[in-house]
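So you can see what is in the structure, the chains are spelled out below.
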Amino acid sequence: MGLIQYGSGDEIHIDDRALAHLKVVIATKLRRNESFTLSWKHADGNPVGRSTIWLHPSIPLRFTFEEPEAPQLNVKWIEELMHSANSTGGIMLVDEVLDTPEG
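Residues numbered from 1 in each chain as written. Predicted model: local features only at pLDDT ≥ 70, side-chain atom pairs only at ≥ 80, totals over all residues. Heavy atoms only, no water.

Mapped onto the secondary structure, K41 falls in strand β3 (residues 36-41). Residue class for K41 comes out exposed when judged on its relative accessible area of 66%. On a C-alpha basis, the gap between K41 and V94 in space is 9.0 Å, while along the polypeptide they are 53 residues apart. In contact with K41, other than residues within four places in its own chain, are G49, R50 and M92. (Helix = DSSP H or I, 4+ residues; strand = E, 2+ residues; numbered from the N terminus. Buried < 20%, exposed > 50% of the residue type's maximum accessible area, 1.4 Å probe, protein only. Contact = heavy atoms within 4.5 Å.)

Rendered as structure tokens:
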């Protein structure tokens, strides 16, 4: 389980694989000097609900991964996350989008 440390040190725990994909999208948006929101549903074992944070290029941000090796990235999932990042609702952490064979 990885985490995002944001601002004053608040920690957001996110699965390493999802975090690797979020990192690409978040870094792209912040590199463009764009602010946006990030929303996620609370994980099992936490109070039911969801949370949203405002991400801004001037606020310190750190990604920490449990696994030492980066996973192979799923371009389709990154595209889906980027699409939501560019919407008025901001990034909504969604389940991984898998390529399925057409048939």
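If you trace the backbone, T37 turns up in strand β3. For T37, a relative accessible area of 19% translates into the label buried. At a separation of 3.0 Å, a polar atom in the side chain of T37 contacts the main-chain carbonyl oxygen of G89. If we ignore the near neighbours within four places in the chain, the residues touching T37 are T52, I53, W54, G89, G90 and I91. (Polar contact = N/O pair within 3.5 Å; in protein donor to acceptor, adjacent residues only side chain to side chain.)

Next up on the list: the side chain of S39. Position of S39 among the secondary structure elements: in strand β3. The exposure class of S39 is buried, given its relative accessible area of 8%.

Turning to the sheet that holds strand β4 (residues 50-55), a few remarks are in order. An order of β4-β3-β6 is seen for the 3 strands of this open sheet, with the pairing classed as mixed. The sheet is open, and its two edges are formed by β4 and β6 (91-92), each paired on a single side. The sheet contact formed by β3 and β6 spans 2 bridges and is parallel. For L38, the partnering residue across the bridge sits in β6 and is I91. In this fold helix α1 (residues 16-31) packs onto β3, β4 and β6, with an angle of close to 160° to the strand it touches most, β3. (Pairing = 2+ DSSP bridges. Axes fitted to C-alpha atoms, helices over the stretch in contact; angles between N-to-C directions.)

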